[in-house]
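Coordinate analysis (summary)
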Amino acid sequence: MRDWKRYVREHLALPDIEGTLESSVIEEIASELEDCYREARSGGATAEEADAEARELVTDWSELASDISSSRRFAAAPRIEQRVEDKEVAIRGRGGPWIPLADLLQDLRFAVRRLRRAPLFTAIAVLTLGLGIGANTTTFSVVNGILLRPLPHIDTDGLVTVWQTLPSEGLYRLSVSFPLYEEWLELNAVFEDLGVYSREEHKLTGGDHPESIEGTRVTSGVFAALNVPPVLGRTFLPEDDQVGARSLVVLSHGMWQLRFGSDSSVVGQTMEVDEEDYTIAGVMPPGFSFPTGSELWTTFSDEAKQSYGSYLRAIARLKAGLSLSQAQREMESLTAQLAETSPRERDYGVRVVSYMDEVVGNVRGALLLLFGAAGMVLLIACANMANLLLVKATERYKELAVRTAVGANRGQLVRQLLSESVTLSIVGGAVGSLAAIASLRPFLALLPPGIPRVTEIAVDHRVLVFSVLLSLLTGVMVGLLPVLTTGRIRLSTVLQGASRSIAGNRQGNRVQAALVVSETALTFVLLVSAGLLIKSFVRLTSIDPGFERNNMLTFYIEPEGERYGSEDRLRAFYLELSERLESVPGVQAITSSSQMPFADGTMSNFVRVDNQLGEEPTLVECSIVPASYFRVMGIPILAGRAFTPEEDRDPTTPVAIVTQAMADRYWPGGRAVGRRIKVVEGDSESAWLTVVGVADDVHHQGLNVEPQAKFYWPFSLRTDDDQTYVLKTAVDPSSAFSAVQAAVWAIDPNILMTRIATLDDLISESVAGPRFLAVLVFGLATLAAVLAVVGIFGVLAYTVAQRTHEIGIRMALGAEKNNVILNVLRRALILVGTGLAIGFALALVAARVLESALFEVSPWDTTTLLAVALLLTTAAMAASCVPARRATRVDPVEALRQE
Amino acid sequence: MKYVYIQYMEDALFSPALKKGSVELLLLSLLEDRPRHGYEIGKLIEERSGGRLVFRISSLYPILCRMEGRGWIEGRWVEKPGERRRRFYRLTKKGVAALAAQRRTWKEYTHAVNLVVEPSHA
């Protein structure tokens, strides 16, 4: 006969149990096996048969070992034991999952089976949760791509933008000049690297007609600060910044592939940029783009390096260990020091800002607003689902009670209920996320222009993890509420035949009511936000820009090269161009400006005014325009006159036209016509310009930006400035463009025409952001409203069904149908009213977030608040009508019979 | 003893929960009249159920350990003359109370089942 003790010892591994205890276990099991063997032998079995029969008593030794280890008799450290009757949930010291995986899979299988038996409920639940999770996945994709993802290649830690400021004028983002940059470079103690750059559109030739490419002029410090090594060649060195250095260009990876066929010997070759030869110094890695969209980087011209013009942006990397605030203090100190030696700089300040904030700061608020709105929609969807599951739990009360009776503990019941809600939310999340992924590209195409990093928005691992975690959290949230509300499930309660149920009891009713009130409150906030944003957008678009916007085609041209090397030649070119353009069919009138509203940025100059001679010159916007400008643009001359055609040609006539805003600022209450101003540029001043007219104000940078003080000077005085042309057409402007282009190229086929658009499109683009935000929030708010109204309907319908017996009794005792209806409607009104009250309070808090996105609309706009409250109340009352009428159809006899 | 299938409940409900609940009841009731050892308990269950209920040592032994840990039963090595020593289990006072509670629960359960499976309600 086998040595059964040895046999058991060889098969049974009990690492948690030692010594006599282990021996005892082994001996006991061995004695059982021996008893079996002996009995089989006495029954006539052979030794082998009896041995096999005994060995069959234990087939899974590892399961036996784990069961023995987990039993309380063998409690041994380290092991944590839950205080539950069912030892299956004891946590094992080895750190494995404390819920047997088999049980979890079983729960999931049951959940799927149960959900398949209720297809309508499952479909509604999946759709509801899918909408909420999908909306959040989409907004998170955008938030992730813009705010969270690191910039490709560029380490933004310690990377800053440095602005000059002019607090007295309320200006905090002023470009800098080369001289100022050089002083900062020499004297600062906070930057590891510092550089300046300027975006430009470059002309590349080589085809039939020139091509416009976005590029950036940079100093070597920019590449040093960004610290991204090229894949070929090198970037710029400090010696390349010196006057007299040769012109160099660094290519983007895309440009290198497209124009040079990824030729590895491209470094050292020459390419023509803006009709000048540049030597290719290097190629940047794929995906590198600074600023976004730049295809090549060139050194500054000698002329630019010696210019006093303030048009440069400064970027720097802080020295290791320095904080932003330290850098700010140091630069302020340096600026004060510079002001002592240069009185002109006295009023200027400096601002050091994180580069990432510069890139995304203007959209961060709007994005977070959208994310919050999507989150609210999900909460509302969860509230609806929780209510649905609460009702479902009622139908299973008896089943749950019986399970408890046969040994299932609360943990197992919780797991079962949660597995259903989690399954629903995972499926809903998968559906919603797939829809979000599929619709991401079309959604991005609708984004307004000017949103940074749009090309970097994609569904990456972060988005997928977010979607999965959100689905799990949603499932737990909606499933937990019915579980927490069940309390102790008693079989005796079921046996007593009580009609008590989970949701029908007082606690359940309160929970349902609380959910509906919460939904209503959140929906109110969303609808108010949407209403305010729409009102703000309507206000914005009703603003008159101050000029004619219909059928106005604009484009930008910049004549370059030897051919236009003198003012006379430039003037002759522009005059010939005007004549040719006027003869294009469909063109009614043409004009131009150095700074076209909505098409170009602003230009500013310091001016000295005749009645403020003792004071420092002040900064004022300016534009260079021909005589036709005010007439063609439809800008009224409020006093005096416009420029004359003679003044277009004669540079010795020093005149200017000011805007009403400038007249009010410098000659308040007086007459501006006849006054004089002088333009101050560096150390030189122009001759006195006599004000010959006052023009009405125009919006230049946006409909929401107040027109600033501005003056116009005639075309003849500054021919060297680039011009944006405007053509008033009798037909659709886009249909005239080919003819216009032909007219330009007839003079010079190498002229580059860029920034082609209609003024109407430009203005429309300028409000695309507010429009997009309003539409999106409105869409989310509508979805929320539908969910909330459905939620109210569901709760009331369920309440009526639950109270059928009570209603029956009332009607049997003589209650009028109207009273029954009023009862139901009163309950609905209480729910909605409470929700609105809380919603009002939440809206006051949300107002602070919304304020910056509104234009001339108060976030506490009473009309909007009241209108939304009325709308929600009406919708809720309408939803309550059906259950109210159903209540009146209760047959008192039937209702009584249900007892 | 026969298993009763309840239409609206999941099949596998019986496997882990019910079996666990019923085994403890079985073991406690078998120990009520006198102490027994593990192998004897298993054989008794099989005999008295007409072979319908078979619990192997791998199922019984951990439950005996658990109940001993709870203080419902007490195990003791007994050596009879001419025989190998065996571990006998007997009910404790706590075990007697636990047996009474389990019997009550079992009656409630079967009553509830019958309420559901009966064709009509009063």
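What you see as residue numbers is a count from 1 along each chain, following the sequence as written. Starting at A for chains and at 1 for ligands, labels are handed out in the order in which the entities are written. At least 70 in pLDDT is required for a residue's local features to be given in this predicted model, at least 80 for side-chain atom pairs to be given and counted, and no such filter applies to totals for whole chains, interfaces and linings, which use all residues. With hydrogens and water stripped out, all remaining heavy atoms of the structure feed into the side-chain values.

**Quick look at the overall build of chain B**
The helix and strand labels rest on DSSP assignments: H or I over at least four residues marks a helix, E over at least two residues marks a strand, and numbering proceeds from the N terminus. Check the secondary structure of chain B and you find 4 helices and 3 strands. Mapped in sequence order, the helices and strands of chain B form the string α-β-α-α-β-β-α. In what follows, residue pairs with any heavy atoms lying within 4.5 Å of each other are defined as contacts. The contacts in chain B between residues at least 6 apart in sequence include a share of 53% that link residues at least 24 apart. Roughly 6,800 Å² of accessible area belongs to chain B as shown, and the carbon and sulfur atoms make up 52% of that amount. Using the Shrake-Rupley algorithm and a 1.4 Å probe, accessible areas are obtained, with residue cover drawn only from the displayed protein chains.

**As for the sheet that holds strand β23 (residues 753–758) of chain A**
All names here are of chain A. Strand order across the open sheet formed by 4 strands is β13-β22-β12-β23, with antiparallel pairing between neighbours. The sheet is open, and its two borders are formed by β13 (587–593) and β23, each paired with just one other strand. On average, each strand axis in the sheet is tilted by 20° relative to the strand beside it, whichever way the strands run. The pairing criterion for strands is at least two bridges between them, as found by DSSP. Sheet topology note: the strand β12 (residues 552–557)/β23 ladder contains 4 bridges and is antiparallel. Bridge pairing links Tyr-556 to Thr-754 in β23. Lines fitted to C-alpha atoms define the axes, with helix axes restricted to the stretch in contact, and inter-axis angles between N-to-C directions lie between 0 and 180 degrees. Relative to strand β22 (residues 723–729), helix α18 (residues 567–582) is tilted by about 20°, and along the sheet it contacts β12, β13 and β22. Taken strand by strand, helix α22 (residues 733–747) contacts β12, β13, β22 and β23, and its axis lies near 155° from that of β23.

**A few points about helix α23 (residues 759–766) of chain A**
Since one α-helical turn is 3.6 residues long, residues separated by three or four positions face the same way. Residues and elements named next belong to chain A. What α23 keeps buried is the set Leu-759, Leu-762 and Ile-763. End-on view of α23: buried residues confined to an arc of 95°, all on one side of the axis. Close packing links the buried residues of α23 with β12, α19 (629–633) and β23. Note on classification: 1.4 Å probe, protein chains only; a residue is buried when its accessible area is under 20% of the maximum for its type, exposed when over 50%, partly exposed between these limits. The arc refers to the directions leading from the helix axis to the C-beta atoms.

**Section: a negative patch on the surface**
The grouping of Glu-48, Glu-49, Glu-53 and Glu-56 of chain A at the surface amounts to a negative patch. Here Glu-56 of chain A is to be found in the loop between α3 (47–55) and α4 (61–70). Excluding any residue in a salt bridge, patches collect residues exceeding 30% relative accessible area, merging like charges within 9 Å and nonpolar Val, Leu, Ile, Met, Phe, Trp and Tyr side chains within 5 Å. A carboxyl oxygen of Asp or Glu within 4 Å of a side-chain nitrogen of Lys or Arg is what we treat as a salt bridge. For the purpose of charge, His is not counted, nor are the chain termini; Lys and Arg are scored as positive and Asp and Glu as negative. To locate a charge, take NZ of a lysine, CZ of an arginine, CG of an aspartate or CD of a glutamate.

**Some details on the environment of Ser-49 of chain B**
Structurally, Ser-49 of chain B is set in the loop between α2 (38–48) and α3 (57–70). Any pair of N or O atoms that falls within 3.5 Å is considered a polar contact. Within protein, one atom must be able to donate a hydrogen and the other to accept it, and sequence-neighbouring residues count only if both atoms are side-chain atoms. At 2.9 Å, the side chain of Ser-49 of chain B and the backbone nitrogen of Leu-53 of chain B are in polar contact.

**Regarding helix α26 (residues 817–850) of chain A**
Under the convention used throughout, the expected extent of a helix is 1.5 Å for every residue step, that is, one less than its residue count. With 34 residues, α26 of chain A should reach 50 Å at 1.5 Å per residue; the first-to-last C-alpha distance of 46 Å fits that figure. Among the residues of α26 of chain A, Val-820, Val-824, Ala-828, Leu-831, Val-832, Gly-835, Leu-836, Gly-839, Ala-843, Ala-847 and Leu-850 of chain A are the ones counted as buried.

**Describing the sheet that holds strand β2 (residues 73–78) of chain B**
Residue and element names in this part refer to chain B. One open sheet holds the 3 strands; their spatial order is β1-β3-β2, and the pairing between them is antiparallel. Looking at the sheet topology across the chains shown, the edges are occupied by β1 (36–37) and β2. Here β2 runs beside strand β3 (residues 86–91); their pairing, made up of 6 bridges, is antiparallel. Bridge pairing links Val-78 to Arg-86 in β3. Here α3 sits on the sheet in contact with β2 and β3, set at roughly 115° to β2.

**What to know about the packing of aromatic side chains**
Residues and elements named next belong to chain A. Aromatic rings from Phe, Tyr and Trp, with only the six-membered ring used for Trp, were paired whenever their centres fell within 6.5 Å, and each pair was classed as stacked if the ring planes differed by under 30 degrees, edge-to-face if by over 60, and tilted otherwise. Applying the stated criterion across every chain yields a total of 26 aromatic pairs over all chains. Centre to centre, the rings of Phe-178 and Phe-300 are 4.9 Å apart; their planes meet at 90°, and the pair counts as edge-to-face. Of this pair, Phe-178 sits in helix α7 (residues 178–187) while Phe-300 sits in the loop between β9 (296–298) and α10 (302–305); the two residues are 122 residues apart in sequence, bridging distant segments of the chain. In terms of burial, Phe-178 and Phe-300 fall into one category: buried. Between the aromatic rings of Tyr-666 and Trp-667, the centroid separation amounts to 6.1 Å while the plane-to-plane angle is 55°, which identifies the pairing as tilted. An identical accessibility class is assigned to Tyr-666 and Trp-667; each is buried.

**Section: the pattern of salt bridges**
Taken as a whole and judged by the stated rule, the model has 38 salt bridges over all chains. A salt bridge links Arg-675 of chain A to Asp-610 of chain A, with the nearest nitrogen and oxygen atoms 3.4 Å apart. Highlighted residues: Arg-675 of chain A in the loop between α21 (660–666) and β18 (676–681) and Asp-610 of chain A in the loop between β14 (603–609) and β15 (618–625), separated in sequence by 65 residues. Of the charged contacts, one joins Glu-647 of chain A and Arg-641 of chain A as a salt bridge, the two residues approaching to 2.8 Å between their closest N and O atoms. Here Glu-647 of chain A falls in the buried class, since its relative accessible area comes to 5%. Classification of Arg-641 of chain A as partly exposed rests on a relative accessible area of 34%. The network of salt bridges with shared partners includes Asp-33, Arg-34, Arg-36 and Glu-40 of chain B.

**Overview of the nonpolar core**
Residues Val-8, Leu-12, Ile-29, Trp-61 and Ile-68 of chain A together with Leu-27 and Ile-73 of chain B are the most contacted members of the largest nonpolar core, which totals 49 residues. At 8 residues, helix α2 (residues 19–42) of chain A tops the list of elements feeding residues into this core. Here, the term nonpolar core denotes a set of buried Ala, Val, Leu, Ile, Met, Phe, Trp, Tyr and Cys residues that are joined through side-chain atoms within 4.5 Å. Among the nonpolar cores identified, the runner-up in size contains 44 residues, and Ala-381, Ala-784, Val-832 and Ala-843 of chain A belong to it.

**Here we look at a nonpolar patch on the surface**
Residues and elements named next belong to chain A. There is a patch of nonpolar side chains on the surface, built from Ile-426, Val-465, Val-468, Leu-469 and Leu-472 and spanning about 410 Å² of accessible area. A per-element tally of the nonpolar patch places helix α15 (residues 461–486) first, with 4 residues. Along the chain, the position of Ile-426 falls in helix α14 (residues 410–445).

**Examining the packing of α2 of chain A against α2 of chain B**
Closest axis-to-axis distance for the α2 of chain A/α2 of chain B pair is 9 Å, and the angle between their directions is 55°. Relative to α2 of chain B, the element α2 of chain A lies oblique. Contact residues: Glu-32, Asp-35, Cys-36 and Glu-39 of chain A in α2 of chain A; Gly-38, Tyr-39 and Lys-43 of chain B in α2 of chain B. Residue composition of the contact of α2 of chain A with α2 of chain B, by class: 2 nonpolar, 1 polar and 4 charged. When describing relative orientation, an angle under 35 degrees is termed roughly parallel and one over 145 degrees roughly antiparallel, while 65 to 115 degrees is termed roughly perpendicular and anything else oblique. For this classification, Asp, Glu, Lys and Arg are treated as charged, while Ala, Val, Leu, Ile, Met, Phe, Trp, Tyr, Cys and Pro are nonpolar and the rest, including Gly, are polar.

**Observations regarding the side chain of Thr-554 of chain A**
All names here are of chain A. Positionally, Thr-554 belongs in strand β12. Given the relative accessible area of 0%, Thr-554 is considered buried. For Thr-554, the contacting residues outside a window of four places in its chain are Thr-724, Tyr-725, Val-726, Arg-755, Ile-756, Ala-757, Thr-758, Leu-759 and Leu-762.

**Let's talk about the confidence of the model for chain A**
All names here are of chain A. Averaged over chain A, the pLDDT score is 84; the fraction of residues at 70 or greater is 90%. Scored below 50 in pLDDT, residues 75–98 makes 33 contacts in the model with residues more than four places away or belonging to other chains. For every residue, the pLDDT score states the predictor's confidence, bounded by 0 at the bottom and 100 at the top. For residues 497–503, every residue scores under 50 in pLDDT, and the model assigns this stretch 19 contacts once sequence neighbours within four places are set aside.

**Comments concerning the side chain of Ser-421 of chain A**
Residue and element names in this part refer to chain A. Mapped onto the fold, Ser-421 is located in helix α14. According to the relative accessible area criterion, Ser-421 is buried, its value standing at 1%. Excluding residues that lie within four positions of it along the chain, Ser-421 makes contacts with Leu-389, Gly-475, Val-478 and Gly-479.

**Some words on unusual backbone geometry**
Residue and element names in this part refer to chain A. Here the residue pair Phe-290 and Pro-291 is connected by a cis peptide bond, since its omega of -20° sits within 30 degrees of zero. Summarising the element assignment, Pro-291 is placed in the loop between β8 (276–283) and β9. With phi around 70°, Phe-598 is a residue other than glycine that occupies positive phi space. Structurally, the position occupied by Phe-598 is in the loop between β13 and β14. For Phe-598, a relative accessible area of 12% corresponds to the buried category. The backbone of Arg-755 shows a phi angle near 50°, a positive value even though the residue is not glycine. Counting through the fold element by element, Arg-755 comes out in strand β23.

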